[in-house]
Amino acid sequence: MHSWPHSGPAQSGPEAGRCPTEADTVRRVSAAGAAPLYEQIADTLQAHIRSGVYRPGDRVPSVRKLREQHRVSVATALAALQVLENRGLVAARPQSGHYVRAPDRLHLREPEPSTPPGVACHVDASLAVTLNLGIGDPHEPTLGAAVQGIELVPVDALNRLLGQALRFQPSACHSYDAPPGTLALRQTVARRGLDAGYAVSPDDVVITSGAKEAVYLSIRAVTRPGDTVAIESPTYYALLEVLASLGLRAVEIASHPRHGIDLDQLADVLRTEPVAAVALVPTYANPTGSCMPDAAKARLVRLLETHDVPLVEDDVYGDLAFSGPRPRAVKAFDRRGLVLYCGSYSKTLSPGLRVGWAIPGRYRDQLQLLKLVVNQATAPAPQLAIAAFVDGGGFDRHLRRVRRMYRDQMDATLRAVSRHFPPQTCATRPDGGHVLWLQLPDGVDALELHGAAAAAGIRIAPGPMFSPSGGYRDFVRLNTGFPWRPSTERQIEHLGHLVTARRR
Ligand SMILES: Cc1ncc(COP(=O)(O)O)c(C=O)c1O
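It should be emphasised that the depicted structure is a prediction, and the values quoted were computed from it without experimental measurement.

Chemist: I'm lost on the site of the ligand in this one. Help?
Modeler: The environment of the ligand is formed by 14 residues, the closest being Ala211, Asp314, Tyr317, Ser344 and Lys347. Backbone polar atom of lysine 212 to an oxygen atom of the ligand: 2.9 Å apart, as the coordinates give it. Interatomic distance of 2.8 Å between a side-chain N/O atom of serine 346 and an oxygen atom of the ligand. In isolation the ligand offers 400 Å² of accessible surface; the protein chains occlude 93% of this area. In terms of residue count, helix H9 (residues 210-222) provides more of the shell around the ligand than any other element does, three residues in total. Taken together, the residues that form the shell around the ligand break down as six nonpolar, four polar and four charged.

As C-alpha cells, this is what we get:
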C-alpha cells in the first residue's frame, strides 16, 4: 500500500502567453487552497472513467502524457496515478502503464480455493464424452461448449488466404508433409513465442491438429499406462479424456480461483508420490479462468527441475488477455526443456481449421515420432493461410479487436449472473479467455440443473465434468465466447430461476 503526503508534490508553473487550459483551472483551484493538485487530476481521470472515456482494460494516460496535458511535474503525475490505484480504479502493469480495472461485479463473491483429496485416483471421463454442450454451430450461441461466435473469426481474410495457398502452392497443399509441419508456420510460431517470453527455433516446433492433439501426443510422450499425472483441480475435461484413454491415474491438486495451482501442495505430492508428469492450463485456465503469476510460473519450473518431472503446458487462451501485455508462458522459464508447450489458433482464429502446435523441449524426437504414427502431419493449406495472416499483421489487429470483445462478453455475463442468480452464488473473475466458473448456492446439483436447462434448450457445462472423481457437483461453467444478445440475457435469467427453485 502507498502512504500519502499531506501536501501535494511540487508543481510546475503555468506557461505565460497562451490560452488557459483545463490544467490552468485545476492549478488556480489548487492555489486557492482546494484539494491537492494530484488529487484533482485523479478526480478528472476518475470522471473520465465513470463517463466511459476510458473503459475497463483501457490504458489511462502515462506519466509523460499527464505531465503534458496538465503541465505538472513527474511527481504530481505519478501521485495522481497512485490515487487512482488506491481507489481501485486502475491497476499498474510493469513496464506498460496503468489500466482501468473492471468495475466490481456487483455482489458476486469468488469461490474458495478448491480442496481435492490430493491422492492418485482412477480417471473417470465418461461425463465429458456423453454430455452435449451445444458444440458445432458458431452462429448459435451456447453457454455450454467453450467455443466462440462466428463474429470473432476473421472468416473472409482466412478464406481468401486459404484460396491463395491452394492456388499458388498446390503441390505443398496436396502432398504428404513431414511430421513437424510447414516451415512457414513453424517460423511464425517461433517468432510469436517471444511475446509469451520463450525463444525457440522453428526446429523445436511440431505443428499439430489443434491443441488437443498436442496435449494428447505430449502426455503420451512422457507417460506409460498406469503412471500418475498431477493436474489442477478443477481441470479441463478433455485432459481427463486423454488420461483415461491412456490408462493413466490422476492426482488432483488444489487451485486458487485467481492464481491457479497450489504449488505447496504440488511440492508435497512431488516429494511423496511417483508422478510421471504435471499437466496444467496455467494462463486463463479452463474452467476457472485463473492465471498463475510470473513468480509462481518460475517457482513451478524450479520444482519440476528438482524432481525432473515434465510439464504439459496447455496455453490456448494466453493471447486472450483482456488488457495489457500477454502473460508469460511457463515455457518462458524453462531452461532444461522440461516443458512440453501446447498452443493453438482455435481460440484466437478458427477452431475449424484445426491448427495447433507443440514445443516439446527435450521430448521433441518422441513427439515427432508419435505425430508420424498417429496421422503423418497436419494439413498444410490451413497452416499456410494462418502463417500468411499472422505474418501480414492481420493477427495483431484481429487480436486487439477480439480481446476487447471477450472482455465485454465476460463483463456482460457476470453482470447478468449477478442480476438473475441468488446473491449467494460465487463466480470467478477471469482477466482473459472465455470461460466463467460459478458455484451454486445451497447445494444446488449441477447435473440436475444441466438436465433441466437442456430441457429448456440451454446448454451449460456441469462441474463434475472437470474432476476425475465427479467432484464439483455444485459448480457450473459458462461459456462467454459469443457476443452478447438479448437471448443470452434470457437464458441466464431462466438459469437463475432454475437455480433459485432448486435451493434447499
Ligand atoms: C484448455 C483447452 N485446451 C485445448 C482446447 C482445444 O483446443 P484445440 O481446438 O486447439 O484442439 C480447449 C478448447 O476448449 C481448451 O479449453
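Additional details are given in the paragraphs that follow.
Chemist: For this particular structure, what's the right way to read the layout of surface pockets?
Modeler: Any empty space left between the atoms is revealed when a probe the size of a water molecule rolls over them. The computed volume of the second largest pocket comes to approximately 860 Å³. Taken together, 46 residues make up the lining of the second largest pocket; nearest its centre are Ile135, Val147, Lys347, Pro351 and Arg354. Elements that contribute at least two residues to the lining of the second largest pocket include exactly helix H6 (155-168), H9 and helix H10 (237-245). Top element by residues in the lining of the second largest pocket is H10. It accounts for five residues. Inspection of the lining of the second largest pocket shows a minimum of three residues originating in each of domain 2 (120-125 + 155-395) and domain 3 (396-502).

Chemist: Before we go on, may I ask you to explain the packing of H9 against H10 in this structure?
Modeler: For any two helices packed against each other, the geometry is given by the interaxial angle and the distance between the axes. Relative to each other, H9 and H10 sit at 35°, their axes nearing to 10 Å. Considering how the two elements wind past one another, H9 and H10 form a crossing that is right-handed. Residues Lys212, Val215, Tyr216 and Ile219 of H9 touch H10, and the partners they reach there are Ala238, Leu239, Glu241, Val242, Leu243 and Ser245.

Chemist: How should unusual backbone geometry be read in this particular structure?
Modeler: Excluding glycine, residues mostly carry a negative phi; peptide bonds, for their part, are mostly trans. Of note, the bond from serine 233 into proline 234 is cis; its omega dihedral lies within 30 degrees of zero at 5°. Tracing the sequence through the fold places proline 234 in the loop between strand E5 (228-232) and H10. The residue after asparagine 286, namely proline 287, is reached through a cis peptide bond having omega 20°. Positionally, proline 287 belongs in the loop between strand E9 (277-280) and helix H12 (294-307). Positioned with a positive phi, arginine 71 is a non-glycine residue whose angle comes to about 50°. Taking relative accessible area as the criterion, arginine 71 reaches 26% and is therefore assigned partly exposed. A positive phi is found at arginine 354, a non-glycine position, where the angle reads about 55°. Along the chain, arginine 354 falls in the loop between strand E11 (339-344) and strand E12 (356-359).

Chemist: Any chance you could explain the side chain of serine 255 here in plain terms?
Modeler: In this fold, serine 255 is placed in strand E7 (residues 255-256). Serine 255 gets classed as buried once you look at its relative accessible area, which sits at 6%.

Chemist: Mind showing me how you'd approach the state of the cysteines here?
Modeler: Should the sulfur atoms of two cysteines be covalently bonded, the bond is a disulfide. As enumerated under the stated definition, the model contains zero disulfides in all. Cysteine 342 provides the cysteine sulfur closest to cysteine 291, a residue in no disulfide bond, and the two sulfurs are 17 Å apart.

Chemist: Any chance you could explain H9 here in plain terms?
Modeler: Because an α-helix packs 3.6 residues into every turn, residues spaced three or four apart end up facing the same way. Here H9 spans 19 Å end to end across 13 residues, near enough to the 18 Å set by a 1.5 Å rise per residue. Of all 13 residues that make up H9, ten are buried, and the element is covered over most of its length. Within the span of H9, buried status applies to Gly210, Ala211, Glu213, Ala214, Val215, Leu217, Ser218, Ile219, Ala221 and Val222.

Chemist: Honestly, the pattern of salt bridges in this entry has me stumped. Any pointers?
Modeler: If charged atoms from side chains of opposite charge come close, those side chains can pair. With the rule as written, the count across this model stands at 22 salt bridges. Across the pair aspartate 203 and arginine 186 runs a salt bridge whose closest N-O atoms are separated by 3.8 Å. Of the two residues, aspartate 203 sits in the loop between helix H8 (183-193) and strand E4 (206-208) while arginine 186 sits in helix H8, which places them 17 residues apart along the sequence. Judged by relative accessible area, aspartate 203 falls into the partly exposed class, the value being 47%. For aspartate 195, the salt bridge is made with arginine 192, and the minimal N-O distance between the two is 3.7 Å. On the basis of relative accessible area, arginine 192 is assigned to the buried category, the value being 19%. Within this structure, Arg55, Arg407 and Asp408 form a network of salt bridges that share partners.

Chemist: Please clarify how the pairing of strand E1 (residues 90-93) should be interpreted in this entry.
Modeler: Where E1 meets strand E2 (residues 97-100), four bridges bridge the pair, whose relative direction is antiparallel. Among the inter-strand pairings, arginine 93 is bridged to a residue of E2, identified as glycine 97. The turn linking E1 back onto E2 is made up of three residues, and glutamine 95 within it adopts a positive phi angle of 60°.

Chemist: Where do I start with the nonpolar core in this structure?
Modeler: A general tendency of soluble globular proteins is for nonpolar side chains to be buried together. Counting residues in hydrophobic clusters, the biggest one holds 69 residues, and the most contacted among them are Tyr345 and Trp357. Residue-level mapping places this core at the junction of two domains, with at least three residues from each of domain 2 (120-125 + 155-395) and domain 3 (396-502). Ala267, Leu270, Ala279 and Val339 belong to the second largest nonpolar core, which has 54 residues in total.

How each quantity is defined
- Residues numbered from 1 in each chain as written.
- Predicted model: local features only at pLDDT ≥ 70, side-chain atom pairs only at ≥ 80, totals over all residues.
- Heavy atoms only, no water.
- Near = heavy atom within 4 Å.
- Polar contact = N/O pair within 3.5 Å; in protein donor to acceptor, adjacent residues only side chain to side chain.
- Areas by Shrake-Rupley, 256 points an atom, 1.4 Å probe, with all protein chains shown as cover.
- Helix = DSSP H or I, 4+ residues; strand = E, 2+ residues; numbered from the N terminus.
- Nonpolar A, V, L, I, M, F, W, Y, C, P; charged D, E, K, R; others polar.
- 1 Å grid on protein atoms, 1.4 Å probe; cavity = no way out; pocket = protein on both sides within 12 Å on 5 of 7 lines; lining within 4 Å.
- Points joined across faces, edges and corners; volume = space filled by probe spheres on them.
- Domains from an automatic or database assignment.
- Axes fitted to C-alpha atoms, helices over the stretch in contact; angles between N-to-C directions.
- Left-handed = near helix turned anticlockwise from the far one by under 90°.
- Contact = heavy atoms within 4.5 Å.
- Buried < 20%, exposed > 50% of the residue type's maximum accessible area, 1.4 Å probe, protein only.
- Disulfide = S-S within 2.5 Å.
- Expected span 1.5 Å × (residues − 1).
- Salt bridge = Lys/Arg side-chain N within 4 Å of Asp/Glu carboxyl O.
- Pairing = 2+ DSSP bridges.
- Core = buried A, V, L, I, M, F, W, Y, C linked by side-chain atoms within 4.5 Å.

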